[in-house]
Amino acid sequence: MARHTPPLLLVLLLCSLCVNSSFQPTLVLEMAKILLENYCFPENLVGMQDAIQQAINSREILQISDRKTLAAVLTVGVQGALNDPRLTVSYEPNFVSVMPPTLPSLPIEQLIWLVRNSVKLDILDNNIGYLRIDRIIGEETAAKLGSLLRDNIWDKVAQTSSLIFDLRYSTAGELSGVPFMISYFSDPEPLIHIDTVYDRPSNTTKELWTMPSIMGEKYGKKKDVIILTSKHTMGAAEAVAYTLKNLNRAIIVGERSAGGSVKVQKIRIAQSEFYITVPVARSVSPITGQSWEVSGVSPTVNVIAKEAVTKAKSLLAMRSAIPKVVQSIFNVIRSFYAFTDRVQALLQHLQSTDLFSVISEEDLAVRLNLDLQTVSEDPRLIIKYMQDNAATEVPEPYSVPDDMKLLRVLVDTTFKVEILPHNTGYLRFDTFVKSSAGDKLEELMAKKVWEPLKDTNNLIIDLRYNTGGSSTSLALILSYLQNASQKHHFFTIYDRVQNTTTEYGSLPRITGPIYGSKRGVYVLTSYYTASVGEEFAYLIQSLHYGTVIGEITSGTLMHSKTFPIEGTNIAITVPFVNFFDNNGECWLGGGVVPDAIVLADEAVEHVHEIAHFHRGLKSLIEGAGELLEKYYAIHEVALQVSEVLLSKWAEGLYRQVVDLESLASQLTTDLQETSNDHRLHVFHCDVEPESLHDVPKIPSAEEVGYMIDALFKIELLPGNVGYLRFDMMADIEVVKAIGPQLIKLVWSKIVNTDALIIDMRYNTGGYSTAVPLLCTYFFDAGPLQHLYSVFDRTTTTMTEVMTLPHVRGQRYGSLKDIYILTSHMTGSAAEVFTRAMKDLNRATIIGEPTIGGSLSSGTYQIRDSVLYASIPNQVVLSAVTGKVWSVSGVEPHVFAQANDALPVAQKIIAARLLKREQGK
C-alpha cells in the first residue's frame, strides 16, 4: 500500500473533537502506545507520542461525555491521520474475546468436514475444471490432509483442459497456504519470491517462496486459469489472486476484492472499555512492490460477481480458439507475405508469443498486430478487429478499350491539360489507366497531352484527386520526364502470388515529344492521393525528376490482400507485392511527405513561388562553390566539392529544395559529406552576421581576479598530483595582461606537484595565440620545440609555431608526467594544445576523441543573397607527420567516457607510481 508520512497524529485527533467534550488523557496516550508497538507501519508514527503529550499539557483537550461518540471521533481522527481505514476505535463494555481454535489443532474428522464444506469441484463441458475454495487452508492443515486433497481435488483438477478458480466466497484463510497455491500453477524451477510479510509485534520479516515440490500433480503454466473474485473476497484469497495475476498466470474476472489485511488484531486500550482494531502485519509483493491490502485486487475483466462464471466460460471459449486463429494467420503469412526472407522469423515469433492474458478477440488482434509489426518492421502487415469482418479488396484498374472512339472519350475525360500564367503547363489525371490498347493510347496521349505541353517553361502534374490505378502505366509517364538520351531503371515489382519479379524502366520508344528533365516538374498531392498516385509521387522524389508540393498522401497502398479469420471478427492484411524504387529500396508506404508541405488548395500558388526560387538556384550553388575555392584551407578539396555541388544540381538532387532555409540545410549536408569536414556550414540570416573573432578585450585590474576565479579551477589530488581545469583559450594579449596574477593565484599552487592533470573536457576553444606560451611551460628552455604548423588560405602562408625561449615564472619542466583529459566537446585551440603535447610525447591523452574544430573560420555572403557560408580558412599540420589533423580531431591514448576520464587518469598515475617504487 502506498504510504506517506502523515501530519502529527494528535493534531488531527484534536481537530476532530467538538467543543465541551471530556475524556481521560490517559486513554489517548495508551492508544498511541498500542499503535507504536503494534501498527504495521511504524515509520508513519514518528513524533506522535511527543505531540500528544504537548497537546495534553497545553490543556487543549476538550471533553466528550458520550463514549460511543468519543470512539467514533477517535476513529475518524486516527484514520485521517494515518490514511488507513482499517484503524477503528470502538466502545464495547460487554466485549468478550473468543479465540477460535486453530485448524491444525482440530480432529481429523472435523478438518475433513471443514474442507468438504469449503471446497467444491466440478468438471464442466469441454473439460473445463471448476474449483471453488471458500477458505485457503494453511501449510500444517494441508500436510495433515495431504492424500485427501491430492486424490479428491488436485489430481482431478490436473486432468482438466482449463480451470475456473472461484474465490468469490473466500473470506478467510491462512497466508501460509498461499505458496502451495501459487506453486500448483507454476514450474518447479526457478523458485519465485511471491510475498514479503512484516509482523510488527515481533518485528520480524518473513519471505514467501514457491515450493520445489508439492503433493499431487501440478497444473503447470500452460493451461488457462481464470480466477473469480467478488467484493467479499478477502485475505489469503486476495494474496493468491493478486500474485497469479501479476505473474501473468491467471485472468481475474469479477469485482474488485475487499482489500483485507494479512493480520488484524482488536486490542483493549489499557483497562478501559475502549478497543482499537490495528493491522499488525503487512504484505509487500516483490513482483510489483505494492500490495493487495486495503485497495484490493482489481479484476482483468470487470463484471458483477453473479455473472462471473458465465463470463469466464465465454472467455475460455474465446481463448480455446486462439491456437486456431494463430494457425490461420500463420498459414496466410506463409502463403502470401511478399518479404519471403522474413516469413520464418515471423512464424517462429507467432509460435512463441505470450497470449496468456488475452481477454477478447479485439485484445488478441491488437497484441498480434503489435508483435508482427515489431518483428517484421513492415507497417503494411496489419491484423485488425473488424466488426463487419469485411475484406477490403482494392478494385481492379479500369482497362482501356481497343475501340478508337472510346479511347478518345477516355483520354478527353481522364486527362485535363491547360497552360497557366508564366507559360506553366498543367496536367491533371485522377487515375492511372491500365492500357490494353498499346500504341493507340500512346498516340492519343501524345496528341492530347504532350504536344500542348512540350514548349512550357515548367510542368504541374496534379495528383490531388488521384486515388490509384495500374502501376504498369507509371513507366510510360516517367519516360516522358527524362532526357531522350538517358535510359533509366524506374522501379521493380515482386509479386509473391505469381512469384515473379518485373523491372520497369525507360520505354524503348516514345510516340510524343519528350518533356525531359531540364525544366521544372511539380507534382501536387493531397490527403486523398493514394495507391499508384503515391507511388508516382514517391518515384518523382527518388528519381529526382521533380518537386512534390501539397499535403502528405493518404498512405493507402495497393498490392495487399485482406483475409478474414474464419469464425472470428479478426482479419489480416498481407502485402503480397513489394515495390522497389530505383535504388533497390522497398517502399513500405506510410504516405509521401512533400518537399513543400502546404494546403492542397494553395498548392498551385506555391508552385509559382518555388519555380521562381528554382530559377536562381544554380547561381547560389555556384556562388557557394566559388567561396569554397577562394577561402577553404585545403584547395584541392575545395575544387572537388565545388564540382560535386554543380553535378548534384545537374542531376536534379536540389529539386527537393524549396526555399532558402532548406537550401542552406542541403548545402551544409553536401559540403560536409563531400569534404568530410563538419566545420563547413551554410546558414540563413536576414542581417549580416558579426565577426566571430573580434579583437579581444583586455580586462581591467578589477576584472582580473574575477576572471581567474571564473575560468580556472585548481586542486591538489592525493599523491601530490595537480589538477588544472580551464574551459576557454584566451588570447595571448589577455594572458599577458593577467600573467602576474595568474602565476600567483593558479600556477604557483600546482607547479611543484609530481604530476599534473589538465582537464580540457569542457574547453570548446577560443584563441590559439596563447597555445605556444602554454606549451612552453612543459618543456625545458632549450632546445626550442616545433609544436605545429598553420597554413592560412587567405594569405597562402605556412607558419611554423615553436615554443618560446622565455616565460614568466617557473617552468613545469619536461620530466614530470602530464595527463590531458578530453571529450567530444574539446575543440579548436584546445585541440591544438592537446595535439601538440601528444605529437611531442609530452602528455598522455585520456578520454574521448575531440571534435575536430577549426582554428579560424571566415563568414562569407553567397552572392547577394541572405545565405552565408562559414568556411575554415586555416588548417593545422602535425610537427611530426606534416599531415593535416585539424579536421579529424585528436585521438586519445586511452579511450574512456568523458565522465570516467578523471578517475581513469588517477588509476594510471597510481599504477605508474607503484611500478616506479617497485623498480627502485
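Undergrad: Could you give me a rundown of the overall build of the protein chain, with the residues and numbers involved?
TA: Looking only at helices and strands, the protein chain has 26 helices and 37 strands in total. Across the 920 residues that make up the protein chain, the buried fraction comes to 51%. Counted over contacts in the protein chain with a minimum sequence separation of 6, partners at least 24 positions apart contribute 76%.

Undergrad: An account of the sheet that holds strand β31 (residues 797–802) is needed here, citing residue identities and associated values.
TA: A sheet is described by the order of its strands in space; here three strands give the open sequence β31-β30-β36, paired in antiparallel fashion. Only two strands of the sheet have a single partner each, and these edge strands are β31 and β36 (874–878). Ignoring which end each strand starts from, the neighbouring axes of this sheet average 25° apart. Of the pairings in the sheet, the one linking strand β30 (residues 786–792) to β31 comprises six bridges and is antiparallel in character.

Undergrad: Can you tell me about the packing of aromatic side chains, naming the residues and giving the values?
TA: Taken as a whole and judged by the stated rule, the model has 26 aromatic pairs. Taken together, a centroid distance of 5.2 Å and an interplanar angle of 65° make the contact between W747 and Y777 edge-to-face. Taken together, the residues span a long stretch of sequence, with W747 in helix α23 (residues 732–750) and Y777 in the loop between α24 (771–776) and β30 at a distance of 30 residues. Sitting above the plane of the Y515 ring, R519 keeps its charged end 3.8 Å from the centroid. Lying across the ring of Y812, K816 places its NZ or CZ 3.8 Å from the centre.

Undergrad: Describe the packing of helix α11 (residues 322–336) against helix α13 (residues 361–376), listing the residues and the values that go with them.
TA: Where α11 contacts α13, the axes come no closer than 12 Å and their chain directions differ by 40°. Handedness of the crossing formed by α11 with α13: right-handed. The segment α11 lies against α13, with I322, V325, I329 and I333 engaging L364, L368 and L372. Classifying every residue of the contact of α11 with α13 by side-chain character gives seven nonpolar, no polar and no charged.

Undergrad: Please give an account of the nonpolar core that cites residues and values.
TA: With 47 residues, the main nonpolar core has W450, I461, L481 and F536 as its most contacted residues. The element best represented in this core is helix α15 (residues 439–453), accounting for seven residues. Those residues in contact with L481 that lie beyond four places of it in its chain are W450, L459, I461, Y515, G516, S517, V521, F536, I540 and Y545. Judged by nonpolar contacts, the second largest core, of 46 residues, contains V704, I818, A836 and L855.

Undergrad: Which residues make up a negative patch on the surface, and what are the values?
TA: A surface patch of like charges, here negative, comprises D601, E602, E605 and E609. As for its placement among the helices and strands, E602 is situated in the loop between β25 (596–597) and α18 (603–615). According to the relative accessible area criterion, E602 is partly exposed, its value standing at 38%.

Undergrad: I'd like a description of unusual backbone geometry, backed by residues and values.
TA: Cis geometry is adopted by the peptide bond preceding P190, which originates at E189 and carries an omega value of -5°. Cis geometry is adopted by the peptide bond preceding P783, which originates at G782 and carries an omega value of -5°. Along the chain, P783 falls in the loop between α24 and β30. In this model, N127 sits at a positive phi of 60°, which is unusual for a non-glycine residue. Relative to the helices and strands, N127 is located in the loop between β2 (119–124) and β3 (128–133). Despite not being glycine, H422 shows a phi value in the positive range, around 65°. Its place among the elements puts H422 in the loop between β15 (415–420) and β16 (424–429). Take H422: its relative accessible area is 61%, and that puts it in the exposed class.

Undergrad: Give me the lowdown on a nonpolar patch on the surface, citing residues and values where you can.
TA: There is a patch of nonpolar side chains on the surface, built from Y527, I552, V593 and I597 and spanning about 390 Å² of accessible area. Residue position: Y527 is located in the loop between β20 (520–525) and α17 (532–542).

Undergrad: Pulling in residues and values, what's your account of the sheet that holds strand β22 (residues 560–564)?
TA: Within the open sheet, the three strands sit side by side as β14-β23-β22. Their pairing is antiparallel. If you trace the sheet from one side to the other, it starts and ends with β14 (382–385) and β22, each paired once. This sheet shows a mean twist of 20° between the axes of neighbouring strands, independent of strand direction. Taken together, the five bridges between β22 and strand β23 (residues 570–575) define a ladder with antiparallel strand orientation. By the bridge assignment for β23, T562 is matched with T573. On the sheet, α11 packs against β14, β22 and β23 and is oriented at approximately 15° with respect to β23. Against the sheet, α13 contacts β14 and β23, and its axis sits at roughly 170° relative to β14.

Undergrad: How would you summarise the environment of C586 if you had to cite specific residues and measurements?
TA: With respect to the secondary-structure elements, C586 resides in the loop between β24 (577–580) and β25. Contact partners of C586, with chain neighbours within four places excluded, come to F339, R380, N578, F579 and F580.

Undergrad: Report on the pairing of strand β28 (residues 721–726), specifying residues and quantitative values.
TA: Taken across its six residues, β28 has five buried, putting it largely inside the fold. Pairing of strand β27 (residues 712–717) with β28 involves six bridges; the strand directions are antiparallel. Paired with F712 across the strands is F726, a residue of β28. Adjacent in sequence and paired antiparallel, β27 and β28 are bridged by three residues, among which G719 carries a positive phi angle near 85°. With five bridges connecting them, β28 and strand β29 (residues 755–759) associate as parallel partners.

Undergrad: An account of the side chain of S230 is needed here, citing residue identities and associated values.
TA: Looking at the secondary structure, you find S230 in the loop between β9 (225–229) and α9 (236–246). At 2.6 Å, the side chain of S230 forms a polar contact with the backbone oxygen of R168. Within the structure, the side chain of S230 is placed 3.1 Å from the backbone nitrogen of H232, a separation counted as a polar contact.

Undergrad: Provide a residue-level description of α18, including the pertinent values.
TA: In a regular helix each residue adds 1.5 Å, so 13 residues correspond to 18 Å; α18 covers 18 Å between its end C-alpha atoms and thus fits that length. Considered for burial, the residues of α18 that qualify are A603, V604, V607, I610, A611, F613 and H614. Buried residues of α18 fall within an arc of 160° about the axis and therefore sit on the same side. α18 presents E609, H612 and R615 as exposed residues on the side facing more than 90 degrees away from its buried surface.

Undergrad: Summarise the confidence of the model for the protein chain; cite the residues concerned and give the values.
TA: Put simply, the protein chain has an average pLDDT of 86, and 89% of its residues get 70 or more. The lowest-confidence element of the protein chain is helix α1 (residues 9–15), averaging 45 in pLDDT; the highest-confidence one is strand β21 (residues 547–550), averaging 97. A low-confidence stretch, residues 1–23 (pLDDT under 50), is modelled with 70 contacts involving residues beyond four sequence positions or located in other chains. This model gives residues 58–62 a pLDDT under 50, and the stretch forms eleven contacts once residues within four places in sequence are excluded.

How each quantity is defined
Residues take numbers from 1 onward in each chain, read along the sequence in its written order. Local features in this predicted model are restricted to residues of pLDDT 70 or higher, and side-chain atom pairs are both shown and tallied only at a pLDDT of 80 or more, whereas totals for entire chains, interfaces and linings draw on every residue. Side-chain metrics rest on all non-hydrogen atoms present in the structure, leaving aside hydrogens and water. Helix and strand definitions follow DSSP, with helices as H or I runs of at least four residues and strands as E runs of at least two, each counted in order from the N terminus. Note on classification: 1.4 Å probe, protein chains only; a residue is buried when its accessible area is under 20% of the maximum for its type, exposed when over 50%, partly exposed between these limits. By the convention used here, residues are in contact when the closest approach between their heavy atoms is within 4.5 Å. Note: two strands are recorded as paired if DSSP finds a minimum of 2 bridges between them. Throughout, an axis means a line fitted to C-alpha atoms (over the contacting stretch in the case of helices), and angles, computed between N-to-C directions, take values from 0 to 180 degrees. Here the aromatic set is Phe, Tyr and Trp, taking the six-membered ring for Trp, and pairing holds for ring centres within 6.5 Å; pairs whose planes are under 30 degrees apart are stacked, those over 60 apart are edge-to-face, and all others are tilted. In this scheme, the term charge over a ring applies when either NZ of a lysine or CZ of an arginine sits within 6 Å of the ring centre and within 35 degrees of the ring normal. Note on convention: near helix rotated counterclockwise from far helix by under a right angle means a left-handed crossing. Clockwise means right-handed. Polarity classes work like this: nonpolar for Ala, Val, Leu, Ile, Met, Phe, Trp, Tyr, Cys and Pro, charged for Asp, Glu, Lys and Arg, and polar for all others, with Gly in that last group. Throughout this description, the term nonpolar core refers to a set of buried Ala, Val, Leu, Ile, Met, Phe, Trp, Tyr and Cys residues connected via side-chain atoms within 4.5 Å. Each patch is built from salt-bridge-free residues with over 30% relative accessible area, joining like charges within 9 Å and nonpolar side chains (Val, Leu, Ile, Met, Phe, Trp, Tyr) within 5 Å. Residue exposure ignores everything except the shown protein chains as possible cover, and the areas themselves are Shrake-Rupley values with a 1.4 Å probe. Here, a salt bridge means any side-chain nitrogen of Lys or Arg that lies within 4 Å of a carboxyl oxygen of Asp or Glu. Here the positive residues are Lys and Arg and the negative ones are Asp and Glu; neither His nor the chain ends is included. In this description, the location of a charge corresponds to atom NZ of lysine, CZ of arginine, CG of aspartate or CD of glutamate. Any pair of nitrogen or oxygen atoms within 3.5 Å is treated as a polar contact; in protein, a donor-acceptor pairing is required on top of that, and neighbouring residues in sequence qualify only through side-chain atoms on both sides. Here, expected helix span is obtained from the residue count minus one, scaled by 1.5 Å. In this description, one arc is meant: the one made by directions from the helix axis to the C-beta atoms. On a range of 0 to 100, pLDDT expresses the predictor's confidence in each residue.

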